[in-house]
Amino acid sequence: MSIGIALYIEKQNGGSAVRQRDWLTPLGIFLGFGIIIIAIYLAGGIEGLSGFVSLSSFVTVVGGLTASLFVGFGGQEVKNMFSVLHQTFRKKNIDFQELIDFWVLLARKARQEGVVTGLEQELEQVKDPFVRKGLRLVVDGNDAGIIRQIMTMDISTLQKRHARGHQLISKAAELSPGWGMVGTIVGLVLMLQQIDNPQAIGPAIALALITTLYGVLLANLVFNPIANKLMLLTEEEVFIKEIIVEALISIRNDEGPVVLREKLQMFLTSEMYGRLKPLEEGRDVSV
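Keep in mind the model is a prediction, meaning the values are calculated, not measured. (Residues numbered from 1 in each chain as written. Predicted model: local features only at pLDDT ≥ 70, side-chain atom pairs only at ≥ 80, totals over all residues. Heavy atoms only, no water.)

**Digging into the packing of helix α6 (residues 115–125) against helix α7 (residues 129–139)**
Two elements in contact, α6 and α7, have axes whose closest approach is 10 Å; the angle formed by their N-to-C orientations is 160°. By the angle between their directions, the pair α6 and α7 is classed as roughly antiparallel. The hand of the α6/α7 crossing is left-handed. Together, Val115, Val116, Leu119, Glu120, Leu123 and Glu124 of α6 and Arg132, Leu135, Arg136, Val138 and Val139 of α7 make up the contact between the two elements. (Axes fitted to C-alpha atoms, helices over the stretch in contact; angles between N-to-C directions. Helix = DSSP H or I, 4+ residues; strand = E, 2+ residues; numbered from the N terminus. Parallel < 35°, antiparallel > 145°, perpendicular 65-115°, else oblique. Left-handed = near helix turned anticlockwise from the far one by under 90°. Contact = heavy atoms within 4.5 Å.)

Written out as structure tokens, the structure reads:
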């Protein structure tokens, strides 16, 4: 196995360069809450800040939101939401240089040694299920149309699976302000019950509005941004898989490493293309 192929396979099989913690996502959330806390403190000091802390408001928004999600999606989907949220705190760094070089080298091995002999060894080393499936279809001699159909169905299934997570988070963003209003209405009703006590009206109104604040903050600082992040992550993963499918089809059609490299480079933006380097000396891809 060549060094280039071995290096790429190692990273695909769980190397630290593949997935890293995305610190900007939690940082952005904490920064947003921090700015609001600082603004409240500057306006009202510690006493004013303490007035924005309400356990009953928090329970109303979070508890009501959770109940709504249970009704709308079911227990298993809500349980999976935490796994979906976890994915947004991790990022997958794609080195397009290594990705393209990996498939170019596979194409060269397939051209020099034959598809079965050239790819069988690498197939046993790859743990990425999508890549393994594609290489197995190629090694088994399936028609290019069948390979594209099966791999496209795999991508479509991925999109549907991710869409459910995106839908759940988007619905949470939609429901959070509503539950904030529910808490506000409850607070106003309780306030009206003691309308004969003017001194209690002001604090009661403030407490009622805090629930709305909690709901709006959760929607606009947590759920809506995360839903958008999930959509971007899905688009990025689909983009990479589409590159892989084209590489598989090119190898199946015995188009050669040079043609494959040119085809894959068409997926890249001009900025990405400008950062690509030619294969290292000694890697003859003109076969």
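**Here's the deal with unusual backbone geometry**
Outside of glycine, negative phi angles account for most residues, and trans bonds account for most peptide bonds. Located in the positive-phi region is Asp254, a residue other than glycine, with phi close to 55°. With respect to the helices and strands, Asp254 occurs in the loop between α9 (198–252) and α10 (257–265).

**Details of the UniProt feature "transmembrane region" (unreviewed entry) in the protein chain**
Under the present numbering, the feature "transmembrane region" (unreviewed entry) in UniProt falls on residues 23–43, 49–73, 178–195 and 201–223. Helix makes up 83% of residues 178–195 and strand 0%, with an end-to-end C-alpha separation of 25 Å. (UniProt positions renumbered as here; feature names shortened; annotations may be inferred.)

**Let's talk about the pattern of salt bridges**
One pass over the full model with this rule turns up 11 salt bridges. When the shortest N-O distance is used, the salt bridge between Arg148 and Glu246 registers 2.8 Å. Highlighted residues: Arg148 in helix α8 (residues 144–192) and Glu246 in helix α9, separated in sequence by 98 residues. Taking relative accessible area as the criterion, Arg148 reaches 32% and is therefore assigned partly exposed. Between Glu246 and Lys263 there is a salt bridge, with the nearest N and O atoms lying 4.0 Å from each other. Pair noted here: Glu246 is in helix α9 and Lys263 is in helix α10, with a separation of 17 residues, a long-range link. It is possible to trace a salt-bridge network through shared partners that takes in Arg148, Glu246, Glu255 and Lys263. (Salt bridge = Lys/Arg side-chain N within 4 Å of Asp/Glu carboxyl O. Buried < 20%, exposed > 50% of the residue type's maximum accessible area, 1.4 Å probe, protein only.)

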